[in-house]
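Given next are the chains, with one letter for each unit.
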Amino acid sequence: MDVDSTEAGGMSVCATPWAEPSDSVTTSDQPLPRPSLGAQLHYLRRLFTRPHQVLEEVNELHGPVVVLGAGPARLAIVGDPAAITDLFAEPTGSFRWKHKVNVLALWVGKDSILTSDGADHHRRRRALQAGFSRRRLNGWIPMILDATDTTIDRLIASLDEPAQTADLYPVGRTLVLDIVLRALCGPRLAHRAQEIDVLLQRGQDYIEGPAVRQFPHPFPMGRRHQVRQDRRAFDSIIDDEIARLRTAPDGDELNVLETLVTDGELTDAEIRDQMATLIAAGYDTASTTLAWVLLRAAATPGLWDRLASEADLALREIGSAAAPDHTTLAALDLADRTVRESLRLHPPGVFGVREAVVDVTAGGYRIPRHTLIAWSFHLAGRDPAYWPDPLRFDPDRHLDLTPEQAAHAKAAWVPFGGGARNCIGFALAQIELTLIVARLAQRLHLAPVDTTVPQATRRSRPEGGVPLHVTVR
Ligand code: HEM
């Protein structure tokens, strides 16, 4: 697996015949296609409650690059991989992330990397990038496997029978939060995971709730006020830890928070906002992805057994003195491809949003400045011009690609974004998901309760959780 944190995951390669991307994208600088007024209102009304369905409908009926709304409420939907590539190739100064619909600011704060632009963003991203170096990513491997073993031990202990049905969604969520906290803040904060989970969850529920309930107000009442209080409670946990690390540093080179404190590049207020951002960004995304990986891997005939055989060879014995390292990861190619395939079909979320601050061209269309751009990894991952039989779950499609196929796949596999604002935690996410699925396959047999692919909820999670037949191997 490529753990270079400068590029969002180079594809490994594919044996399936690949269709040629269509020529439908225009070559000149054309205005964006616009559905009828009635259709626009119909889409906009449902966009935030049923985003998957609306995007698929818009794509099918009007194409992958479309504009909805007008004036300050103008939204371009961009789902064509070639057009998304154009967006990623634009200088970051062409866009703004601190825009009017960036509702995340309420939780992540005004100094967050997610809500900043220009020089501030550059400085904050540089400070954080040191936290995700290859050395650190490799250093986290034993911790990830240990945390996974503890979770599996707990799961086995909770089973009344050696083979039983269990919902692995909450199990995976607790595990992912534990890993994210250990990586970002060391073991001390991992012990406060439950407390942090409650604070985070309330903020996330509010931000992802109906837009009408999110009207900004400064009054000390209602759910918005509760989120501000939760954020203050989170800050005081981080402040205590910053103070402790200043007076008695642990010397833990793998702890991102300790690195930020000792580097001194960011103020304490900035550090608090980055920690709120990283934990929130790394928790729900990875646990939603893990849910889909387990459901799809268990329901794909023969795949779980292949994962188990690979894991038996690649992972050292549980409790063995030899620590696993990056060579362990390199031997987990099928687990890596299973995660990639799941992220192609079931990325957490549907689109990323940025605002154009200058006119930009994408896929031959001119997107006027002040347009909000919803670029969709969901549509790109299912585009039949880039992925043959796109709805088929097949990790082997990423094997043995020709250079041309690899270029197409690179354009259409964008769950972590691309360009200078790509996901800073993508390598951590890929490593943890690969190791978790491999360790689970080594120790448990998972089989589907129902082979029907569940619907995604508005938050992209599988509706109905992750019920699976669990047997101890
Ligand atoms: C499966 C897991 C994940 C997925 C699919 C994912 C996806 C994304 C995407 C699509 C973006 C780009 C948004 C844009 O262009 O506006 C992004 C940005 C970001 N992600 Fe992730 N992410 C994941 C896990 C993580 C983890 C584990 C962390 C950190 C612990 C993280 C931290 C961030 C940060 C800080 C940014 C903002 C980068 C910037 O603006 O410079 N993410 N992520």
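Residues numbered from 1 in each chain as written. Predicted model: local features only at pLDDT ≥ 70, side-chain atom pairs only at ≥ 80, totals over all residues.

Quick look at the sheet that holds strand β3 (residues 75-78)
Taking strand neighbours across the sheet as the criterion, the five strands line up as β2-β3-β9-β6-β4 in an open arrangement whose pairing is mixed. Edge strands, defined here as strands with exactly one partner in the open sheet, are β2 (65-68) and β4 (95-96). Relative to strand β6 (residues 352-356), β4 runs antiparallel, the two sharing two bridges. Within the sheet, the bridge partner assigned to Phe95 lies in β6 and is Ala356. (Pairing = 2+ DSSP bridges. Helix = DSSP H or I, 4+ residues; strand = E, 2+ residues; numbered from the N terminus.)

Describing the environment of Arg458
Note that Arg458 resides in the loop between β10 (444-448) and β11 (467-472). Given 14 C-beta atoms within 10 Å, Arg458 falls into the partly exposed group. For Arg458 and Ile431, which are 27 residues apart along the polypeptide, the C-alpha to C-alpha distance reads 26 Å. (Buried ≥ 20, exposed ≤ 12 C-beta atoms within 10 Å, placed from the backbone.)

Digging into the sheet that holds strand β7 (residues 360-362)
With mixed pairing, three strands are arranged side by side in an open sheet as β1-β8-β7. In the strand order of this sheet, the two ends are held by β1 (30-31) and β7, each with one partner.

Digging into the site of the ligand
Near the ligand lie 24 residues; those nearest to it are Gly282, Thr285, Gly417, Cys423 and Gly425. Taken together, the elements giving at least two residues each to the shell around the ligand come down to α13 (268-299), β6 and α19 (426-443). Top element by residues in the shell around the ligand is α13. It accounts for seven residues. A breakdown of the residues in the shell around the ligand according to their chemical character gives 14 nonpolar, seven polar and three charged. (Near = placed C-beta within 6 Å. Nonpolar A, V, L, I, M, F, W, Y, C, P; charged D, E, K, R; others polar.)

Digging into the environment of Thr150
Looking at the element boundaries, Thr150 is found in helix α7 (residues 141-158). Using a count of 12 C-beta atoms within 10 Å as the deciding quantity, one classes Thr150 as exposed. Spatially, the C-alpha atoms of Thr150 and Leu175 are 9.0 Å apart, while their sequence positions differ by 25 residues.

A short note on the packing of helix α10 (residues 193-207) against α13
Where α10 contacts α13, the axes come no closer than 11 Å and their chain directions differ by 85°. On the basis of their axis angle, the class for α10 and α13 is roughly perpendicular. Side by side, α10 and α13 meet where Ile196, Leu200 and Gln204 of the first sit next to Ile279, Ala280, Tyr283 and Asp284 of the second. Here the contact of α10 with α13 is composed, by residue class, of five nonpolar, one polar and one charged. (Axes fitted to C-alpha atoms, helices over the stretch in contact; angles between N-to-C directions. Parallel < 35°, antiparallel > 145°, perpendicular 65-115°, else oblique. Contact = placed C-beta atoms within 7 Å.)

Let's talk about the packing of helix α11 (residues 222-247) against helix α12 (residues 256-263)
The axes of two packed helices give the description: the angle between them and the distance between them. Contact pair α11 / α12: the axes reach a minimum separation of 10 Å and the direction vectors enclose 65°. Along this stretch, α11 crosses α12, giving a crossing that reads as right-handed. Contacts from Glu241, Ile242, Leu245 and Arg246 of α11 reach α12 at Leu257, Glu258 and Val261. In terms of residue class, the contact of α11 with α12 is made up of four nonpolar, no polar and three charged. (Left-handed = near helix turned anticlockwise from the far one by under 90°.)

Remarks on the pairing of β6
Of all five residues that make up β6, four are buried, and the element is covered over most of its length. Both β6 and strand β9 (residues 372-375) contribute to a ladder of four bridges, which runs antiparallel. If you follow Val353 over to β9, its bridge partner there is Ala374.

Points about the nonpolar core
Ranked by internal contacts, the top residues of the largest apolar core, which has 87 residues, are Val180, Leu184, Ile279, Leu294, Leu307, Val437 and Ala438. No other element matches α13, which puts 17 residues into this core. Residues in contact with Leu307, not counting those within four places in the same chain, are Ala297, Leu334, Ala335, Thr338, Val437, Ala438 and Ala441. Judged by nonpolar contacts, the second largest core, of 42 residues, contains Tyr43, Val350, Val360 and Ala385. (Core = buried A, V, L, I, M, F, W, Y, C linked by C-beta atoms within 7 Å.)

Overview of unusual backbone geometry
One non-glycine residue, His370, adopts positive backbone phi at about 70°. If you trace the backbone, His370 turns up in the loop between β8 (365-367) and β9. Residue classification places His370 among the partly exposed residues on the basis of 15 C-beta atoms within 10 Å.

Comments concerning α10
In this model α10 runs 21 Å from its N-terminal to its C-terminal C-alpha over 15 residues, within 8% of the 21 Å that 1.5 Å per residue would give. Those residues of α10 that fall on the buried side of the exposure criterion are Ile196, Leu199, Leu200, Gly203 and Tyr206. Along the long axis of α10, the arc covered by the buried residues comes to 125°, so they all point the same way. Exposed residues pointing more than 90 degrees away from the buried face of α10 are listed as Gln194, Val198 and Asp205. Contacts made by the buried residues of α10 are with α4 (105-108), α8 (168-185), α11 and α13. (Expected span 1.5 Å × (residues − 1). Arc of directions from axis to C-beta.)

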